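Read off the chains here:
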Amino acid sequence: MPQISFFYGIIILMNFADHAPAHFHAWYGDYKVIVSIKDGVVKGEMPGRALKMILEWLEEHRDELYANWEKAQNGMPLDKIAPLK
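To start, this report covers the structure provided alongside it. (Residues numbered from 1 in each chain as written. Predicted model: local features only at pLDDT ≥ 70, side-chain atom pairs only at ≥ 80, totals over all residues. Heavy atoms only, no water.)

Now for the nonpolar core. Core analysis: the biggest nonpolar cluster contains 23 residues, and M14, F24, W57 and L65 have the highest contact counts within it. Those elements giving two or more residues to this core turn out to be β1 (3-7), β2 (10-13), β3 (23-28), β4 (31-36) and α1 (48-73). Ranked by the residues each element gives to this core, the list is headed by α1, at eight residues. The contact partners of W57, leaving out residues within four places of it in the chain, are I4, S5, F7, I12, F24, L65, I81, A82, P83 and L84. (Core = buried A, V, L, I, M, F, W, Y, C linked by side-chain atoms within 4.5 Å. Buried < 20%, exposed > 50% of the residue type's maximum accessible area, 1.4 Å probe, protein only. Helix = DSSP H or I, 4+ residues; strand = E, 2+ residues; numbered from the N terminus. Contact = heavy atoms within 4.5 Å.)

Taken in spatial order, the five strands of this open sheet run β1-β2-β3-β4-β5, and their pairing is antiparallel. Across the chains shown, the open sheet's two edge strands, defined by having one partner strand only, are β1 and β5 (42-44). The mean inter-strand angle of the sheet, taken between neighbouring strand axes irrespective of direction, is 20 degrees. Here four bridges tie β1 to β2, and the two strands are oriented antiparallel to one another. (Pairing = 2+ DSSP bridges. Axes fitted to C-alpha atoms, helices over the stretch in contact; angles between N-to-C directions.)

Bringing the environment of F24 into the picture now. Looking at the element boundaries, F24 is found in strand β3. In this structure the C-alpha to C-alpha distance between F24 and G40, which are 16 residues apart in sequence, comes to 10.0 Å. Excluding its chain neighbours within four sequence positions, the residues that come into contact with F24 are I12, L13, M14, V33, I34, V35, I37, I54, W57, L58 and L65.

The phi torsion of most residues other than glycine is negative, and most of the peptide bonds are trans. The amide bond that connects A20 to the next residue, P21, takes the cis arrangement and shows omega of 0 degrees. On the secondary structure map, P21 appears in the loop between β2 and β3. Unlike most non-glycine residues, Y8 shows phi in positive territory, near 50 degrees. Tracing the chain through its elements places Y8 in the loop between β1 and β2.

Here the focus is the pattern of salt bridges. Under the defined criterion, the tally for this structure stands at two salt bridges. The residue E59 makes a salt bridge to R62 at a minimum N-O spacing of 3.1 Å. Here the residue E59 and the residue R62 both occupy positions in helix α1, the gap between them amounting to three residues, near one helical turn. Taking the relative accessible area as the measure of exposure, E59 reaches 54% and is therefore exposed. (Salt bridge = Lys/Arg side-chain N within 4 Å of Asp/Glu carboxyl O.)

Here is the structure:
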């Protein structure tokens, strides 16, 4: 699963040819979540502060995430996305 971003100890990843709806994975320590790109619905558990940063990052990079999702569905290399600042 390619890493597309990293910030404050949070790793953002996206699978190739993964199931719909469009989403990404976020890992922080032992915590792992799946986040819907469209609406930010989260599956899994994540500490509140880390989750807040992940959702803020999603809002800043939604278009880039959708572009990477399309690339992943077509087996193309994914672009790195800037971290949360």
